[in-house]
Amino acid sequence: MALLLLLLPGCGRAAGSELAFVQEPGDTVAVWEHPLVLPCQVEGEPPVSISWQRDGLALANDSGATLMPDGSLHLAALPSRWSLLSSAHEYHCVTQNRYGRLVSRRARVQLASLSHFHQHPESVEVERGGVARFQCLIQGVPEPSISWEHSGTALNTANHRITLLPSGILHITSVSQADVGTYCCVARNMASTRHSQDAQLTLSVGPPRLLQEPEILSGPQNLTLTVHQTAVLECIATGHPRPLVSWSHLDGRSIGVEGIQVLGTRNLMISDVSVQHSGVYVCAANRPGTHVRRTAQGVLLVQAPPEFVQWPQSLSKPPGSSAIFTCVAQGVPEPHLVWLKNGKVLSPGDNIRLTHNNRYSCLTTPHWPLAMVCPPTHPGRPPPPTCNTHYLNLKNPHLSTNPQQVTFYFQQFPLPPGGSALTSPLQVMPPHSLLL
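So, here is what we can say about the structure in this document.

Calculation rules
Note on numbering: residues in each chain are counted from 1, in written sequence order. Given that the model is predicted, a residue must reach a pLDDT of at least 70 before its local features are reported, and side-chain atom pairs must reach 80 or more before they are shown or counted; all residues, however, enter totals for whole chains, interfaces and linings. As a rule here, side-chain values cover all heavy atoms of the structure and leave hydrogens and water aside. In DSSP terms, a helix is any run of H or I states spanning at least four residues, a strand is any run of E spanning at least two, and both are numbered starting from the N terminus. Accessibility here uses a 1.4 Å probe with only protein chains present; expressed as a share of the type maximum, an area under 20% marks a residue as buried, one over 50% as exposed, and anything in between as partly exposed. It only takes one pair of heavy atoms within 4.5 Å for two residues to be counted as in contact. Only the protein chains shown count as cover for residues, and all accessible areas are computed by the Shrake-Rupley method using a 1.4 Å probe. A pair of strands counts as paired when DSSP detects no fewer than two bridges linking them. Axis definition: a line fit to C-alpha positions, over the contact stretch in the case of helices; interaxial angles, taken between N-to-C directions, run 0 to 180 degrees. For this analysis, a salt bridge means a side-chain nitrogen from Lys or Arg found within 4 Å of a carboxyl oxygen belonging to Asp or Glu. Only rings of Phe, Tyr and Trp enter the pairing, Trp through its six-membered ring, and a pair is recorded when the two centres are within 6.5 Å. The plane angle decides the type: under 30 degrees is stacked, over 60 is edge-to-face, the rest tilted. Note on terminology: disulfide denotes any pair of cysteine sulfur atoms within 2.5 Å. Polar contact is the term for a pair of N or O atoms within 3.5 Å; when the atoms are in protein, one must be able to donate a hydrogen and the other to accept it, and sequence-neighboring residues count only if both atoms are side-chain atoms.

## A closer look at the overall build of the protein chain
Point 1. Each helix and strand in the protein chain was counted, giving one helix and 47 strands.
Point 2. The buried share of the protein chain, taken over its 436 residues, is 42%.
Point 3. In the protein chain, the proportion of contacts linking residues at least 24 apart, taken out of those at least 6 apart, comes to 67%.
Point 4. For the protein chain, the exposed area adds up to about 23200 Å²; of that, 54% sits on carbon and sulfur atoms.

The following block contains the structure:
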């Protein structure tokens, strides 16, 4: 079966340049019956070849994909049966020239979808002047936007008594007769639009209570977010007289004011969150003039994607000498570093040592150039874009394309084939070490 392969005669750099990505594919959402283009542009000494893989397998010419002149992949209108196999696929491009072979980041292509409602809003009975809360839950790709209808008409959220949280939760304060009726949750994204079942808002009968203990109807939920996202910590409380709502950190730290906004009845919104915003947040409802209070708390965990602090640098070494590549990354949680050699994950078997401080050392005399990359990843999460690629070239004009003799050294003594009693096989040691 023929495979998609493109040979580029020139890639924008002068002869003798190394191979590098100019643009890599990124995560995206596809829609039924709509075409999609995944970019892959490289530069380096020609000739340069580009091919594509889906879910780790080479794409065939009959896969409905077309390789464009610049190396990008054109996916024809996606048929409905695509979703029957999987709602998501991973694509990456592979490029190669005489310097080595590079593999791009894996781009996750998800099919736009909108589920049925997992939770419909529930009817509530509220005292006049009280607080009503409605919630609906639905999942979709991309994340659906939520709006509400009141008795068949779009709800006016500009009313100061009405608060629509970014999560779609609806708060109505100082409830009056005008708020009585049916409420419907409307979810929309590029795949579809869905309406929830109706929920009724009614006023309770009987005289209002003159004294009621503070009660938190809904407190903050545990949240795990990524830096620069927005955190909304909910706190809705009732009581007579109306309780005073305040926020604090469990450890006593000041919450601060920068990027902090109060929504509606003292809901806390933190824009552009950072790792420093992580912690336990406490919502307190106090009866005015007394020490009577009720509290609820939630944990906010902010994660940071991996980023490089120090990149490996290209080297030129004579055969038999040592080469050391250094790669340092940071993130929350701590990134896991993986080294690639010519596009393939580096595995035990060469004279390699990977130390705990992320320094990569190689003691070998290979006969071909090596392209080294070290993309940091978080366990269980999609890999980020790879770092810049760096090369190890050997200074030996007599080397040819034919295999050369490879000799390994231990403490300046050559090792016989198969090792010796002084050495042991490579062992993988946590967190990311290979030991001789």
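## Notes on the sheet that holds strand E4 (residues 36-38)
Point 1. Spatial ordering of the open sheet is given by E4-E9-E8, a layout of three strands whose pairing is antiparallel. Here the strands that pair on one side only, and so sit at the sheet edges, are E4 and strand E8 (65-67). Sheet twist, expressed as the average angle between the axes of neighbouring strands with direction ignored, equals 20 degrees.
Point 2. Note that E8 and strand E9 (residues 73-75) share three bridges and pair antiparallel. Each residue of the ladder has a partner; that of Leu67, found in E9, is Leu73.

## Details of the sheet that holds strand E26 (residues 231-233)
Point 1. In space, the three strands of this open sheet follow the order E26-E30-E29, with antiparallel pairing throughout. Each having just a single partner strand, E26 and strand E29 (260-263) make up the two edges of the open sheet. Within this sheet the neighbouring strands show an average axis-to-axis angle of 25 degrees, counted without direction.
Point 2. The pairing of E26 with strand E30 (residues 267-270) spans three bridges and is classified as antiparallel. Paired with Val232 across the bridge in E30 is Met269.

## Here's the deal with the pattern of salt bridges
Point 1. Using the criterion set out here, one finds seven salt bridges in the structure.
Point 2. Where Arg287 meets Glu213, a salt bridge forms, and the shortest distance between an N and an O atom there is 2.6 Å. In this pair, Arg287 sits in the loop between strand E31 (279-286) and strand E32 (293-310) while Glu213 sits in strand E24 (residues 212-218), placing the two residues 74 residues apart along the sequence.
Point 3. The class for Arg287 is buried, based on a relative accessible area of 13%.
Point 4. Measuring nitrogen to oxygen at the nearest pair gives 2.8 Å for the salt bridge that ties Asp251 to Arg253.
Point 5. Here Asp251 falls in the exposed class, since its relative accessible area comes to 54%.

## Side note on the packing of aromatic side chains
Point 1. Inspection of the entire model under this criterion finds four aromatic pairs.
Point 2. Their ring planes at 45 degrees and their centres at 6.1 Å tell us that Phe134 and Trp148 sit as a pair that is tilted. One end of the pair, Phe134, is in strand E15 (residues 132-134); the other, Trp148, is in strand E17 (residues 145-150), and 14 residues separate them in sequence.
Point 3. Measuring from centroid to centroid gives 6.3 Å for Phe325 and Trp339, while their planes differ by 55 degrees, and the two rings are tilted. With Phe325 in strand E34 (residues 322-326) and Trp339 in the loop between strand E36 (336-337) and strand E37 (340-341), the pair connects residues that are 14 residues apart, well separated along the chain. Take Phe325 and Trp339: they sit in the same class, and that class is buried.
Point 4. Following the ring pairs from residue to residue traces out a cluster consisting of Phe134, Trp148 and Tyr183.

## Describing the state of the cysteines
Point 1. A complete count under the given rule lists three disulfides for this structure.
Point 2. Here Cys136 is linked by a disulfide to Cys185, with a sulfur-sulfur distance of 2.0 Å. Of this pair, Cys136 sits in the loop between E15 and strand E16 (140-141) while Cys185 is found in strand E21 (residues 181-188), placing the two residues 49 residues apart along the sequence. By the burial criterion, Cys136 is buried, and Cys185 matches it.
Point 3. Free of any disulfide, Cys184 has its nearest cysteine sulfur in Cys185, 6.9 Å distant.

## Re the side chain of Arg161
Point 1. Position of Arg161 among the secondary structure elements: in the loop between strand E18 (153-154) and strand E19 (162-164).
Point 2. One polar contact links the side chain of Arg161 to the main-chain carbonyl oxygen of Ser174, over a distance of 3.2 Å.
Point 3. Discounting chain neighbours no more than four positions away, the residues touching Arg161 are His171, Ile172, Thr173, Ser174, Val175, Ser176 and Asp179.

## Overview of the side chain of Thr95
Point 1. Topologically, Thr95 is positioned in strand E10 (residues 88-97).
Point 2. A relative accessible area of 1% places Thr95 in the buried class.
Point 3. Separated by 3.1 Å, the side chain of Thr95 and the backbone oxygen of Ser49 make a polar contact.
Point 4. Setting aside its immediate chain neighbours within four residues, Thr95 contacts Leu19, Phe21, Val42, Val48, Ser49, Ile50, Gly100, Arg101 and Leu102.

## Some details on the pairing of strand E23 (residues 199-203)
Point 1. Burial of the side chains of E23 is restricted to one face: Ala199, Leu201 and Leu203 are buried, whereas none of Gln200 and Thr202 on the reverse face is.
Point 2. Inspection of the sheet shows strand E14 (residues 124-126) paired to E23 by three bridges, in the parallel sense. The residue bridging Val126 from the neighbouring strand is Leu203, located in E23.
Point 3. Of the pairings in the sheet, the one linking E21 to E23 comprises three bridges and is antiparallel in character.

## Structural notes on the pairing of E31
Point 1. Judged by how many residues are buried, E31 sits mostly within the fold: seven of eight residues are covered.
Point 2. As judged from the six bridges shared by strand E28 (residues 244-249) and E31, these two strands associate in the antiparallel manner. Bridging across to E31, His249 finds its partner in Tyr281.
Point 3. Of the pairings in the sheet, the one linking E31 to E32 comprises eight bridges and is antiparallel in character.

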